[in-house]
Amino acid sequence: MTVITKVSVSDYVSPIRPQWCPGCGNYVILNTLRQVLSELNIPPYRTVVLGGIGCGSRIPFYIRSNGFHTIHGRPIPIALGIKIARHDLNVIVVAGDGDTYGIGVAHFIHAARSNVGITVIVQNNSVFGLTRGQPSPTAPKGFREAYSESLDPISLALASGATFVARAWTGDPRKLKEIFTKAIEHSYVNKHGFSFVDVIQLCVIYNPTVNGEPFMKYYKDRVIYVDELSDYDVTSKSMAYKYLSEPHNNKIPMGVFYHDDTKPSLEEEFGLYEKTPLGLLEIDKEGIDISSIIETVL
Amino acid sequence: MHARGKKFPGFSWVIGGEAGYGINVSAEIFGRALFKSGYYVFGYIEYESRIRGGHIFARIRFSNEPVYCHVDDTDVLLALDDMTIVGDKHGIHTHGHVTELHRNSILIYDGELSNIAKGYFEELSNKGIRIIDIPLMSIVKETTRQEKPNLVMRNTVGLGASAYILNLDTEKLIEAIKWRLGEKRKEIVEANINLILAGYDYVKSSYPNVKLNIKPGSVNGRIYVNGNFMAMTGSIKAGMKIWAHYPMTPSTPLLNLANRFKKKYGLVVLQPESELAVINIAIGAGYAGVRAGVGTSGGGFALMTEAISLASMAEIPVVVFEVSRVAPSTGMATKTEQGDLLQVVYAGQGYTTKAVILPGDPEEAYYDAIIAYNVAEKYQIPVIVCYDKHLAESYYTIPIPESNIPIERGKITLSNNSDGPYFKRYAITEDGVSPRPILGTEGVFVLSTGLEHDEYGVVTENERIRTEMMKKRDRKLRSLLMEIEERKEIYRPIMIYGEEDSSVAVVGWGSSKGVLLEATEYLNKKGYDIKFVQIRWAMPFPTDTFLDAVNDVDRIIMVEANFDGQMEKIIRYETCMCIDHRIRKYDGRPFSLNEIVSKLEVILA
């Protein structure tokens, strides 16, 4: 056993400076994630952070852990492959709304369905920043060139069978930290499976305001955290749907909408926890004995 | 209608009927029974992309000497419906197999079910074709005592009838049925045994003299298997632990086989939402140190292309089995073509480094699978094992493989090679290959990306580093090529069959190996002077070894089952060499022995 010494925030700090715009919500996500990982005392070498393509998806370069900056839309299946290979590692995807709800939406749905034990954090600012301001799937109809209604990722995650579904925003790092902590506890610490956090943020260049109001003011006035309401049951999916379909006094519901700790994770389904992680298995020089396969055709 | 003479060794038994009649299973059982009786068997199945109806047939060719391909002549035709005999009106499903019969061939059909006029069969009989009219359906009814028995059971009666004709011990057939259906389904096995005996006895008493005889040989130390089976067996041998696959004909049996063996070998088998997910899952597994394999066909591979390029850039091992079918697009789903070679070789944006191996029979599929996982890890590249439906699903009688290919995993390390913030995952080295640490090792941080990067995996747009990294990735392929040409006994880049100093070289690759082996052997016995040169690696292309094989010949004849001569293009591009003659086929059917021999004879005349 490795003696786990206290992990500090600085352990998760990479020497590479982010190339984000001043005031970008990505800084809040990055700093919060570093804090959460160190407070959970997870050593950085036991963590793998994956990104897709976009400004925010470069986060693997800015967190000092194992990292995989992938291709557009595909960090989730790559993370799934890593988790099946190494169920003992903490696997986190941080990707944008284009990655997760657009080009890679099928992976989001089916990874949630499979309940693989990865944490998916989505930087949701309704706009493609790096390609200079095209609408993302969560953009409201009429925003820039958006011709479709916006997609509701929370309902999608619930319908897909995600066992931890939450939303936070970058204007409230306290709650963001609480939710990130719960999400990583769900997937990695307690092995309950797939966790998902949609993080509402602004793009200082291409989407700085909401309906003409400054981002911070707009959300500060409207956000309510459902999991802090006395009559809300976070283990009830129907309650989550109710709050999503009938907003509470025109408030914007956030917080942990739903979690289910009873379903087996994909790793458990495959019986991997009892075994040496597949990625640590050695293979003899002679290879695996296949005589029992040959016997079936002798 | 014509009656051709036979010229190739062995007998050819054909069963035909609608989809849903159990043609495939019957062929598998009959082929195995022949194999277990001591014959070399080649089994070829042709089917349509449908679950019921249409026309499906299987050709089983067997002999007491090795056979590696099918022939067009049919010695015994077991026709489960009229379409099998005369075809459908417009030849959409089949033109009928009656034209394949020759003097002394035997046609087995059910006169009670057939709507073909009796005079038709009399005419065939006058041409020397022997007719067995057997009430398959009535025999099933009597034997099973069911008013509406399962149509599929007629096959079994037909198998029993064929056993009598071919002097096949019914015990061997019964064993094969038990092997295929499993001891668990006792009642079904029991019913089938009775039907075999009933079919056998019917022909014995009604047509005692209608027989074809060929003595069995010895096939000790051999197995009767298809390409997909051996590709999966090789994968498991190599230590593959994660198999991801989205079903696509003709690669799907790989998925079924992985599921069949997963418990015994501790495999995780994933069938995710798309080929996009499939390849990326495997890349994730490869990043995390697991030998992962995926199976797909042309359409699925097209979806994987972007990720293949990622695996090349991020230097992550992954193995793809690309089992081609007729293209473009979804083409003809259940038919064969060697038409995906260029797609596979040139997959990926820019200069995507990768290896492409081309097995020619199930034995090579097995060894190439092991080689693929080794090369993927040693050189940290995607490796594609590319073969077609004909090799994937045809049964060959091959020696039991005894691997002498050691497992080689390359530069896996437990120690840190860096005093910087990250492991030097892309350290510049002489052979181009950088050390690969075990993920999760204390103090080691692995950073990978599809963006251009420095030695630490950190994104960069620096022109000097970019240039160095391109050269580094290319050096890996040069190193691999050097290894292939140095360790020929393992990698077998180019195989030469026949006399080295022959004046004619027939060049082929993949599933045409079998038919070219037999065709050149047959023609050489007739006095021709031909060697068969098999290309087994498309990338990196073994230019020197290939040139050594063909430099001194007068003529090169290229044989490919595609329209545009994809290997011929590669040869031109890699060697600046022109091919003298070409034989191509792209109707979805594999080359038969008759076809290749007659085309070679025309060219060489």
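What you see is a predicted model, and the numbers here were worked out from it, not measured in a lab. (Residues numbered from 1 in each chain as written. Chains lettered and ligands numbered in written order. Predicted model: local features only at pLDDT ≥ 70, side-chain atom pairs only at ≥ 80, totals over all residues.)

Asker: Explain the packing of helix α1 (residues 23–36) of chain B against helix α5 (residues 153–165) of chain B to me, please; I cannot follow it from the model alone.
Answerer: Residues and elements named next belong to chain B. The N-to-C vectors of α1 and α5 enclose an angle of 25°; their axes lie 10 Å apart at closest approach. With respect to α5, the axis of α1 lies roughly parallel. The way α1 lies across α5 gives a crossing that is right-handed. Each of S26, I29 and F30 in α1 lies in contact with α5, whose residues at this interface are N155, L159 and S162. Class assignment for the residues of the contact of α1 with α5 results in three nonpolar, three polar and no charged. (Axes fitted to C-alpha atoms, helices over the stretch in contact; angles between N-to-C directions. Helix = DSSP H or I, 4+ residues; strand = E, 2+ residues; numbered from the N terminus. Parallel < 35°, antiparallel > 145°, perpendicular 65-115°, else oblique. Left-handed = near helix turned anticlockwise from the far one by under 90°. Contact = placed C-beta atoms within 7 Å. Nonpolar A, V, L, I, M, F, W, Y, C, P; charged D, E, K, R; others polar.)

Asker: Mind showing me how you'd approach the nonpolar core here?
Answerer: As a rule of thumb, soluble globular proteins bury nonpolar side chains together. Counting 279 residues, the largest nonpolar core has V165 of chain A together with I108, I242, A282, V385 and V506 of chain B as its most contacted members. It is helix α13 (residues 362–379) of chain B that contributes the most residues to this core, 11 residues altogether. Apart from the residues lying within four places of it in its own chain, the contact partners of I108 of chain B are V76, L77, L78, A79, I132, I134, G158, A161 and S162 of chain B. (Core = buried A, V, L, I, M, F, W, Y, C linked by C-beta atoms within 7 Å. Buried ≥ 20, exposed ≤ 12 C-beta atoms within 10 Å, placed from the backbone.)

Asker: Can you help me understand the interface of chain A and chain B in this one?
Answerer: By a widely used convention, the size of an interface equals the accessible area lost when the partners come together. Contact with chain A, which involves 47 residues of that partner, is made by 54 residues of chain B. For the side of chain A that touches chain B, the secondary-structure elements that each account for two or more residues are α2 (59–62), β2 (66–69), α3 (75–85), α5 (105–114) and α11 (291–295) of chain A. Here the side of chain A that touches chain B gets eight residues from one element, more than from any other, and that element is α3 of chain A. For the side of chain A that touches chain B, the class distribution of residues is 27 nonpolar, 13 polar and seven charged.

Asker: Help me out: how do you make sense of the sheet that holds strand β13 (residues 382–388) of chain B in this one?
Answerer: Pairing between sheet strands relies on hydrogen bonds along the backbone, with the strands arranged either parallel or antiparallel. All names here are of chain B. Spatially, seven strands are ordered β9-β8-β10-β11-β13-β12-β21 in an open sheet, and the strand pairing comes out mixed. Strands with a single pairing partner mark the edges of an open sheet, and in this sheet they are β9 (268–270) and β21 (537–539). Direction aside, the axes of adjacent strands within the sheet are offset by 20° on average. One ladder, built from four bridges, connects strand β8 (residues 242–245) with strand β10 (residues 292–296); its direction is parallel. Counted as the bridge partner of I242 is A292 from β10. Across the sheet, helix α9 (residues 252–265) touches β8, β9, β10 and β11 (318–324), and the angle it forms with β8 is around 145°. (Pairing = 2+ DSSP bridges.)

It is worth stressing that arrangement in space is one thing and function is another; only the former is reported here.
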